[in-house]
Amino acid sequence: MGDKMNGSVRPQEMCIDNTHPSVTAQSIDELHSLQKKKGIPLSTPRGPASNEQLQSISASLASHVGKAGPNLKGHPDAKGPQEAVRHKPKHVEAPEIHVSDSDLKFAHVWYNLSPPELYELAIKYEKGSFITSSGALATLSGARTGRSPRDKRVVKDDLTAEDLWWGKGSPNIEMDEETFLINRERAVDYLNSLDRIFVNDQFLNWDSQNRLKVRIISARAYHALFMYNMCIRPTPEELEDFGTPDFTIYNGGQFPANRYTHYMTGATSVDLNLKRREMVILGSQYAGEMKKGLFSVMHYLMPHRRILSLHSGCNMGKGGDVSLFFGLSGTGKTTLSTDPNRYLIGDDEHCWSDNGISNVEGGCYAKCVDLSKEKEPDIWNAIKFGTVLENVVFDEHTREVDYSDKSITENTRASYPIEFIPNAKIPCIGPHPKNVILLTCDAFGVLPPVSKLTLAQTMYHFISGYTALVAGTEEGVKEPRATFSACYGAAFIMLHPTRYAAMLAERMKNHGATAWLVNTGWSGGSYGVGQRMKLGYTRKIIDSINDGSLLTANYSETSVFGLHIPDAVEGVPSDILHPENTWSDKKGYTETIEKLAKLFKGNFEKFLNYDVGTLTKEILGAGPQL
């Protein structure tokens, strides 16, 4: 990756990521018709932005060639006289700019609006916006119902050329600054052409000493409400003193990229410029692009402050003991980290600094497919007024959502403030973690339900980021497929995975944390032969980790992977702790574990060209041995 071939990217070098296809609808009207299903018919707003804030926003929307920012006013429903504000650069070193139609018009700024205000504007101006029976706002994200990692670009310049992870396996696809500025100008021109724009000034990171000020400029109330939920919401006093943002998003997602621009492969482009600290979105209205784009920024900025950024869930016991949960889709990360007997610090993005652990976000972004009150009561109850429901289907009369309906997409989502979870810890910070839990859904059925890891093994499995996908609906697919995602979030990391792994090992060593590999997948055989590990058993294992009882257990070492398995876990049958004991086909077990070991080794080859110091040989030795 990083090679330029007429602006194209070689597909065989793309990282593997869970992407979602475009909707099948052939028109906007058809898409809207999918949203509502037939049923039986039944008989304190925040003030306007100040002139100083408008001046700052106008500066954000100014042309990169020095052209003055647009004429801005506060939102038209605000009381009292309003002064039109226009940013004028002090020094303009650019060719003469002639007045255009856009210079003569005013754009109203809807600044840090409250959820009720955003509800009203979404319903008034955005087709496909409805209030559901629970009070949540149902919206549509257009043709894109998931992230577009193959359309993500990062500017490669003197700041990032030697620092970022480029090449095979990396999520970072290069673009030059000139192309970024072309796309930025395209997004800014689009936003400046609108009669109204939405601006959110918010924070990332609950650690107040290391928080980031972010500004999100968008065209949809849906996007403004989504980011209101997902970022940390400032107090009125903090907003008054917000000043210049540390990072700015220009979301022009309703307007396409020019596919003939260098480095573009289609109408969608999500571009990061770390030197300018800006992000541009074109051709995608999927709100998750903003959330994960900012997470990528944190994955760059925080390690340079000696702070480890992590794609993980996190909870805390009543005694102050903190556990981190890493895992890819389907491993049970959300289910296991959401424990009614423990406080939720966060469900997805965290930072580990000298001060302890902190949530990056102010909200949760939960999957809704097949959601039920019985299985996920906390998420179910969080879907109420203020929550954004993306791409769900509901009854056209009762407005009751059918979470099993995948007519629009399987990637239906709910975005809500973390305060909507009853046992959330506010502020979302905690002491240094005591347990680091790596979750995997091993559909090959050869990894133990739980094993204690050495520091070197922790780094190896953290860098590998393994899980397995079960056989899908394609005809002829009968075997599980291994999936590896470095640091359990390869799509978002910016630096080489071994740099994050070295920081994790350092933090664990300094603060006495213990790592565990927990398999929530199959036992007694591979997928199709064995059985999925019972959730009740996995919960008992997690409880034993959290209460410290597994630290005093007796352990035995396995062959091939060299994992340390406890001889007993309270509430879990001892015979399932050792996978080979559950297989009737012993030869099949040996062949399968050796097959998985080769997959691990093959995946790890792409990391061997990077030296993290004296731990390199230890890390390699911690992998499977054949």
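Along each chain, residues carry numbers from 1 onward, in the same order as the chain's sequence is written. With the structure being a predicted model, the display of local features is reserved for residues of pLDDT at least 70 and the display and counting of side-chain atom pairs for 80 or more, all residues being used for whole-chain, interface and lining totals. With hydrogens and water stripped out, all remaining heavy atoms of the structure feed into the side-chain values.

- Labelled according to an unreviewed UniProt entry, the protein appears under the name phosphoenolpyruvate carboxykinase (ATP), originating from Wollemia nobilis.
- UniProt positions are given in the numbering used here, feature names are shortened, and annotations may be inferred rather than shown by experiment. Listed under Subcellular location (unreviewed entry) in UniProt, the entry text for the protein is "Cytoplasm".
- Per UniProt, the protein has the following entry under Pathway (unreviewed entry): "Carbohydrate biosynthesis; gluconeogenesis."

Re the overall build of the protein
Logical step 1: On a plain count of helices and strands, the protein comes out with 16 helices and 34 strands.
Logical step 2: Working definition: with a 1.4 Å probe on protein chains only, accessible area under 20% of the residue-type maximum means buried, over 50% means exposed, and in between means partly exposed. Buried residues in the protein amount to 58% of all 626 residues.
Logical step 3: To measure how exposed things are, a 1.4 Å probe is used in the Shrake-Rupley method; for residues, cover is taken only from the protein chains shown. For the protein, the accessible area works out to roughly 26200 Å², and carbon and sulfur atoms hold 50% of it. Helix and strand definitions follow DSSP, with helices as H or I runs of at least four residues and strands as E runs of at least two, each counted in order from the N terminus.

Things to note about the packing of aromatic side chains
Logical step 1: Each Phe, Tyr or Trp ring (for Trp, its six-membered ring) is paired with any other whose centre lies within 6.5 Å, and the angle between the two planes then decides the class: stacked below 30 degrees, edge-to-face above 60, tilted in between. On inspection of all chains with the given rule, the structure shows 21 aromatic pairs.
Logical step 2: Ring plane angle 65° and centroid distance 5.7 Å describe the contact between W380 and Y403, whose orientation is recorded as edge-to-face. Separated by 23 residues along the polypeptide, W380 in helix α10 (residues 377–382) and Y403 in the loop between β23 (401–402) and β24 (413–417) bring together distant segments of the chain.
Logical step 3: Owing to a relative accessible area of 32%, W380 belongs among the partly exposed residues under this scheme.
Logical step 4: Given a relative accessible area of 10%, Y403 falls into the buried group.
Logical step 5: Taking the centre distance of 4.4 Å and the plane angle of 15° together, the rings of Y460 and F604 count as stacked. With Y460 in helix α11 (residues 455–464) and F604 in helix α15 (residues 586–604), the pair connects residues that are 144 residues apart, well separated along the chain.

Quick look at the sheet that holds strand β22 (residues 393–395)
Logical step 1: Two strands are said to pair when DSSP picks up at least two bridges between them. Strand order in this open sheet of three strands is β1-β22-β23, and the pairing throughout is mixed. The outermost strands of the open sheet, each flanked by one partner alone, are β1 (36–37) and β23.
Logical step 2: Direction of pairing for β22 relative to β23: antiparallel, over a ladder of two bridges. Within β23, the residue paired with F394 across the bridge is V401.

Some details on a negative patch on the surface
Logical step 1: Together, E52, E237, E240 and D241 make up a region of like negative charge exposed at the surface.
Logical step 2: Turning to its location among the elements, E52 is positioned in helix α2 (residues 51–60). Each patch is built from residues that are more than 30% exposed by relative accessible area and take part in no salt bridge. Like charges join if they lie within 9 Å; nonpolar side chains (Val, Leu, Ile, Met, Phe, Trp, Tyr) join within 5 Å. Think of a salt bridge as a Lys or Arg side-chain nitrogen and an Asp or Glu carboxyl oxygen that are within 4 Å of each other. By the counting scheme adopted, Arg and Lys are positive, Glu and Asp are negative, and His together with the chain ends is not counted. Where a charge lies is defined by one atom per residue type, namely NZ (Lys), CZ (Arg), CG (Asp) and CD (Glu).

Some remarks on the state of the cysteines
Logical step 1: Note that a disulfide, as used here, is simply two cysteine sulfur atoms within 2.5 Å. Evaluation of the coordinates by the stated rule reveals zero disulfides.
Logical step 2: There is no disulfide at C364, and the cysteine sulfur nearest it, in C428, is 8.2 Å away.
Logical step 3: C364 sits in the buried class, given a relative accessible area of 2%.

What to know about helix α5 (residues 177–192)
Logical step 1: To estimate how far a helix should reach, multiply one less than its number of residues by 1.5 Å. Here α5 spans 22 Å end to end across 16 residues, near enough to the 22 Å set by a 1.5 Å rise per residue.
Logical step 2: By the burial criterion, the buried members of α5 are T179, F180, L181, N183, R184, E185, A187, V188, Y190, L191 and N192.

Comments concerning the confidence of the model for the protein
Logical step 1: Taken as a whole, the protein shows an average pLDDT of 88; of its residues, 86% reach a score of 70 or greater.
Logical step 2: The pLDDT value tells you how sure the predictor is about a given residue, anywhere from 0 up to 100. In what follows, a contact means two residues having at least one pair of non-hydrogen atoms within 4.5 Å. Note on residues 89–100: pLDDT under 50 across the span, and ten contacts to partners over four residues away in sequence or across chains.
Logical step 3: In the predicted structure, residues 471–477 sits below a pLDDT of 50 and forms five contacts with residues beyond four places in sequence or in another chain.

A short note on the pairing of strand β7 (residues 152–155)
Logical step 1: Neither face of β7 is open: one carries K152 and V154, the other R153 and V155, and all of them are buried.
Logical step 2: Across three bridges, the pairing between β7 and strand β12 (residues 269–273) is parallel. If you follow R153 over to β12, its bridge partner there is D271.

What to know about the sheet that holds strand β6 (residues 137–139)
Logical step 1: As summarised here, the arrangement of the five strands in space is β5-β6-β21-β24-β20, forming an open sheet in which the pairing is mixed. Across the chains shown, the open sheet's two edge strands, defined by having one partner strand only, are β5 (130–131) and β20 (363–367).
Logical step 2: The sheet contact formed by β5 and β6 spans two bridges and is antiparallel. Among the inter-strand pairings, F130 is bridged to a residue of β6, identified as A138.

Brief notes about the packing of helix α6 (residues 221–230) against helix α8 (residues 288–301)
Helix-helix packing is described using two parameters, namely the angle between the two axes and the distance between the axes.
Logical step 1: Here α6 crosses α8 at 40°, and the two axes come no closer than 9 Å. Considering the angle they form, α6 stands oblique to α8. Both α6 and α8 take part in a crossing whose hand is right-handed. Facing H223, F226, M227 and M230 of α6, the residues of α8 in contact are G288, M290, K291 and L294.
Logical step 2: For this classification, Asp, Glu, Lys and Arg are treated as charged, while Ala, Val, Leu, Ile, Met, Phe, Trp, Tyr, Cys and Pro are nonpolar and the rest, including Gly, are polar. Partitioned by chemical class, the residues of the contact of α6 with α8 number five nonpolar, two polar and one charged. Note on definitions: angles span 0 to 180 degrees between N-to-C directions of axes, and those axes are lines fitted to C-alpha atoms, for helices only across the stretch in contact. Each angle receives one of four descriptions, namely roughly parallel if under 35 degrees, roughly antiparallel if over 145, roughly perpendicular if within 65 to 115, and oblique otherwise. Working rule for handedness: look at the near helix, and if it is turned counterclockwise from the far one by less than a right angle, call the crossing left-handed; if clockwise, right-handed.

Brief notes about the pairing of β12
Logical step 1: Of all five residues in β12, five are buried, a share of seventy percent or more.
Logical step 2: Burial along β12 is two-sided: the face carrying S269, D271 and N273 and the face carrying V270 and L272 are both buried.
Logical step 3: Relative to strand β13 (residues 278–282), β12 is paired through five bridges, and the arrangement is antiparallel. For D271, the partnering residue across the bridge sits in β13 and is V280.
Logical step 4: Between the end of β12 and the start of β13, which pair antiparallel, lie four residues, with R277 showing a positive phi angle near 55°.

Let's talk about the pattern of salt bridges
Logical step 1: In this structure the tally under the stated criterion is 20 salt bridges.
Logical step 2: Here R144 ties to D151 by a salt bridge, and the two come within 3.7 Å at their closest N and O atoms.
Logical step 3: With relative accessibility at 26%, the residue R144 sits in the partly exposed group.
Logical step 4: You can call D151 buried: its relative accessible area is 10%.
Logical step 5: One salt bridge connects E278 with R276, and the closest N-O pair in it is separated by 2.8 Å.

Comments concerning the side chain of D442
Logical step 1: Within the element layout of this structure, D442 appears in the loop between β26 (435–440) and β27 (450–453).
Logical step 2: Despite its burial, D442 pairs with no opposite charge; the closest candidate is R532, at 10 Å N-O.
Logical step 3: Any pair of N or O atoms that falls within 3.5 Å is considered a polar contact. Within protein, one atom must be able to donate a hydrogen and the other to accept it, and sequence-neighbouring residues count only if both atoms are side-chain atoms. Of note is the side chain of D442, whose polar atom sits 2.9 Å from the backbone nitrogen of V446.

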